[in-house]
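# An overview of the molecular structure
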Amino acid sequence: MSDSAVILLIEDEAQIRRFVRKALEDEGHQVLECATLAHSMAHVHESKPQLAVLDLGLPDGDGISFIRELRTQSALPVLVLSARSAEGEKIRALDAGADDYLTKPFSIGELLARVRALLRRNKAENSAPESAFSFGEVQVDLVRRQVARRGNLVHLTPIEYRLLCAMLSDAGKVLTYRHLLRAVWGNAHSESNHYLRIYVSHLRQKLEDDAAQPKHFLTETGVGYRFQI
Amino acid sequence: MNPASPTPPPHFAEILNSLGHPRNAIARMAWMVAICGLVTLLAWPLHKVIDPANVAMLYVLAVALVALRAGKIAAIMAAFLSTALLDFFFMFPRFTFTVGDVQHVVTLAVMLVVALIVGNLTIVLQRQTVAAVERERQAHALYQFASQLAGATTLEQVNNATRDFLHQSHNGRSVLLMRGDDKLLPLEPSHHLQSELQSAAAIAALRLQQTRHAQEGNDYWLFLPLHGSTYVRGVLAIDFGDAVPATVCAQQALYEAIAALVAIAAERLHFVEVAQRTQLQMTDERLRSAILAALSHDIRTPLTVLYGMADALALAQLPAAARETVAAMREQALRLNSMVSNLLDMAKLRAGNIRPNMEWQPLEEVIGASIKLLGDALAQHPVKVSLPADMPLLKFDAVLLERVLCNLLENAAKYAPPASSIGIGARVADGFAHISVRDTGPGFPPHKLGKVFDLFERGETESLVPGVGLGLAICRSIVAAHGGEIRAENCGGACVTFTLPLGEPPVIETEESDD
């Protein structure tokens, strides 16, 4: 299979490892299981996995500092598994360099979708940047800096356009408020979450069918946004 | 341990006391006459050898003795009687009061003056001795009282010690009243103040922070405020019965000292209690968070496994019946998860250790997120969102408000008839945003409209629709934490409306257009 990848699964609960492994193997991936953080770093160096699935609640250490350490050595995409109502933990993990998260309990479909998105993104980063995007009824021409919906040009302000590009370039990935604020406004506004929320709502009104039930500019409550093609 | 209380050395006055103390005036006079007579009898056989001036010395001694034993008046009379006896028996001419020699006039006059002075001095000295002994006795009793209070571990013990001490040492009956808000409550309900006058005096002592006196019938009362470091902790009322008010007033400083001791003991006990309570609360809180964290991890792990396995099975090729079973397993696992989340959230909200992370944000966003989160649960019920175009930003915790909306939507989906739509609306009025979720179901039972937000309350007690009645209670707690209110109505179906305060949203600078 052309899509097959080596995936490192770091999780202390054997039963969770079992069904996640099964699901990933059914997709044609090769899975390396690891129950402790201590062994994980060695696996990263030896087996050169293309993706890591990491449970944040491991008994032998802090998953977040593991991610931070990993980021100093490798760009390996990390999908974090975490408990609900731990938004602070999710944000810290994402800011430390995790690429995405799943809230327990999660469905296999969701897991596979996230894994696919991360592997695809990883591959896309290694190829030439695309010059055009399209999602739903919207076409974005990155060269001419033009956005059209149902064939009609949509006027976006410079900030709206920058925000759209920031979200497009990380499509499928959760983007924290801090990340997006830095990408669009620079460091000056890194605490003004309401700016970001207003501009996301502008984009939704201009590009979504129903701004109250968006299909592309998704809210990750308490964490940030995710752009989904 | 208490240091051994020193026994005071036997005192001269006490030795004399042991000889018996003449009680009334007649006995004292008899004593006086007896002493003077005794001296006369003893001196008579020697009248030929001893000079009358020396016999006078014996009489002065007698007067001193009388003064010591029988008081001032007897001493003065003894002085005169002795002078008369000396003149009558020992001076020429004997057995008459006539004084033959001018020298004897001097002797008699000097003796009288000396006897009066000695008698008086003796009495003053004796009074001072008695007062000193009394003061020492009081100091000792106060010391013992203080050490009793120092060992007290409850207010009841303080009360008992005070009552016994005042009863034994001062013949008073004490009532200890402690402050509760702005009232005074007797420590022992059976020992309360019986009249309006007494209560009024006690309140006056509390408010004015001064000792108050009150006389009612035959009873003389003293009301002493118990001064704590920050406020008056209560009032010590003492009933002295028919004691002379002047005596009580003379000892007021002493009673105030007693009240100070009681106040210190009460305050010490108060702070001990505060410290204990705080420590208990801290331990309690730590335990609770530890239990919550453990519960949420330990319950979620098997739930995740259960859900994941059912989900994995659902992807496999299965016969229709098995597929249905697997779908039901998946659904039940999800429902269990939502119940556990609700329970844990409720526990956290009840414990009061949730601090809302308030941020300005559009309402639309959290509504969209809630609908997305519920996903399949709303598959049969399209949600119609109608918000005013100029809906202002609101300040709320998105995660908590998502919980409110999810619970309300889930509820609506449970009770609404299949394929009917659920409406979410909002309007701005009276400084609040009013957000409502409505369905076209049977609505709430009318008699339970006011109670649906109570913990473990459900519309129909034995309803076929599953749920533990926790969802609406959590909604109320969260809305209350935001400073809003939540209410249920029936308007062609169930309708729940909650409010959020508007406040003043931050200004967003409009971007300059680049065209």
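Conventions we followed
- Residues numbered from 1 in each chain as written.
- Chains lettered and ligands numbered in written order.
- Predicted model: local features only at pLDDT ≥ 70, side-chain atom pairs only at ≥ 80, totals over all residues.
- Heavy atoms only, no water.
- Helix = DSSP H or I, 4+ residues; strand = E, 2+ residues; numbered from the N terminus.
- Buried < 20%, exposed > 50% of the residue type's maximum accessible area, 1.4 Å probe, protein only.
- Contact = heavy atoms within 4.5 Å.
- Areas by Shrake-Rupley, 256 points an atom, 1.4 Å probe, with all protein chains shown as cover.
- Buried area = accessible area lost by both parts, 1.4 Å probe.
- Salt bridge = Lys/Arg side-chain N within 4 Å of Asp/Glu carboxyl O.
- Polar contact = N/O pair within 3.5 Å; in protein donor to acceptor, adjacent residues only side chain to side chain.
- Patch = residues over 30% accessible without salt bridge, like charges linked within 9 Å, V, L, I, M, F, W, Y side chains within 5 Å.
- Pairing = 2+ DSSP bridges.
- Axes fitted to C-alpha atoms, helices over the stretch in contact; angles between N-to-C directions.
- Core = buried A, V, L, I, M, F, W, Y, C linked by side-chain atoms within 4.5 Å.
- pLDDT = per-residue confidence, 0-100.
- Arc of directions from axis to C-beta.

### Some remarks on the overall build of chain B
Of regular secondary structure, chain B possesses 12 helices and 12 strands. Considering chain B as a whole, with its 515 residues, one finds that 40% of them fall into the buried category. Summarising the internal contacts of chain B: among those between residues at least 6 apart in sequence, 65% fall at separations of at least 24.

### Description of the overall build of chain A
Secondary structure summary: chain A contains eight helices and 12 strands in total. For chain A, the proportion of its 229 residues judged to be buried stands at 55%. Contacts spanning at least 24 positions in sequence make up 58% of the contacts within chain A whose residues lie at least 6 apart. Total accessible area computed for chain A in this model is approximately 10000 Å², and 47% of it derives from carbon and sulfur atoms.

### Some details on the interface of chain A and chain B
Listed by partner, the interface residues are 38 residues for chain A and 44 residues for chain B. Taken together, the two surfaces of chain A and chain B that pack against each other cover about 3500 Å², and 59% of this comes from carbon and sulfur. Where E359(B) meets R197(A), a salt bridge forms, and the shortest distance between an N and an O atom there is 2.8 Å. Remark: the boundary between chain A and chain B carries 10 residue pairs in polar contact (both at pLDDT 80 or more). For the side of chain A that touches chain B, the elements supplying multiple residues, two or more each, are helix 1 (14-26), helix 5 (108-126), helix 6 (158-169), helix 8 (193-207) and strand 11 (217-220) of chain A. Examining the composition of the side of chain A that touches chain B, we find that nine residues originate from one element, helix 8 of chain A, more than from any other.

### A word on the side chain of Q198(B)
All names here are of chain B. You can see Q198 is positioned in helix 6 (residues 196-208). Within polar-contact distance, the side chain of Q198 engages the side chain of E216 at 2.9 Å. Not counting the four nearest positions on each side in its chain, Q198 is found in contact with L193, E216, W221 and F223.

### Remarks on a nonpolar patch on the surface
All names here are of chain B. Side chains of L287, I291, L295 and I299 sit close together on the surface and give an oily, nonpolar patch of about 330 Å² of accessible area. Checked against the element boundaries, I291 lands in helix 8 (residues 252-315). Assessed through its relative accessible area of 45%, I291 is described here as partly exposed.

### Focus: the sheet that holds strand 10 (residues 174-176) of chain A
Residue and element names in this part refer to chain A. Spatial strand order, 10-12-11: three strands in an open sheet with antiparallel pairing. Of all strands in the sheet, those with a lone pairing partner are strand 10 and strand 11, marking the two edges. For this sheet, the mean inter-axis angle between neighbouring strands, taken without regard to orientation, is 35 degrees. Here strand 11 runs beside strand 12 (residues 224-227); their pairing, made up of four bridges, is antiparallel. Considered in strand 12, the bridge of L218 is made with R226.

### A short note on the nonpolar core
Judged by nonpolar contacts, the single largest core of 45 residues is most densely connected at L363(B), L394(B), L409(B) and F498(B). At 10 residues, the largest contribution of residues to this core is made by helix 11 (residues 398-415) of chain B. For L363(B), the residues in contact, after removing those within four places along its chain, are L387(B), M391(B), L394(B), F396(B), L401(B), A426(B) and I435(B). Membership of the second largest hydrophobic core comes to 30 residues, among which are L156(A), L163(A), M167(A) and L203(A).

### As for the sheet that holds strand 5 (residues 232-239) of chain B
Residue and element names in this part refer to chain B. Spatially, five strands are ordered 2-1-5-4-3 in an open sheet, and the strand pairing comes out antiparallel. Edge positions in the sheet fall to strand 2 (183-186) and strand 3 (212-216), since each has one partner strand and no second. For this sheet the average axis-to-axis angle between neighbouring strands, irrespective of direction, equals 25 degrees. Pairing geometry for strand 1 (residues 173-180) and strand 5, over six bridges, is antiparallel. Residue pairing in the sheet places S174 in a bridge with I238 of strand 5. The strands touched by helix 5 (residues 155-170) are strand 1 and strand 5; relative to strand 1, the strand with the most contacts, the crossing angle is about 150 degrees. Sitting on the sheet, helix 8 touches strand 1, strand 3, strand 4 (219-227) and strand 5, and the angle it makes with strand 4 is about 45 degrees.

### Let's talk about the confidence of the model for chain B
Fine structural detail should not be taken from predicted coordinates in areas where pLDDT scores are low. Residues and elements named next belong to chain B. Averaged over chain B, the pLDDT score is 83; the fraction of residues at 70 or greater is 91%. Of all the helices and strands in chain B, helix 1 (residues 12-17) carries the lowest mean pLDDT, 51, while strand 10 (residues 432-438) carries the highest, 93. Segment residues 1-8: pLDDT under 50, and five contacts once partners within four positions in sequence are set aside and those in other chains are kept. Confidence over residues 462-468 falls short of pLDDT 50; this stretch has 12 contacts with residues more than four positions distant or in other chains. Across the interface, the model reports ipTM at 0.85; the global pTM reads 0.62.

### Thoughts on helix 2 (residues 37-47) of chain A
Residues and elements named next belong to chain A. Of all the positions in helix 2, only L37, S40, M41 and V44 are classed as buried. Projection of helix 2 onto a plane perpendicular to its axis shows the buried side chains occupying an angular sector of 95 degrees, all on one side. Turned more than 90 degrees away from the buried face of helix 2, the exposed residues are A38, H39 and E46. Close packing links the buried residues of helix 2 with strand 1 (6-10), strand 2 (30-34), strand 3 (51-55) and helix 3 (63-73). Looking one or two places after helix 2, you find K48, whose phi comes out positive at around 45 degrees.

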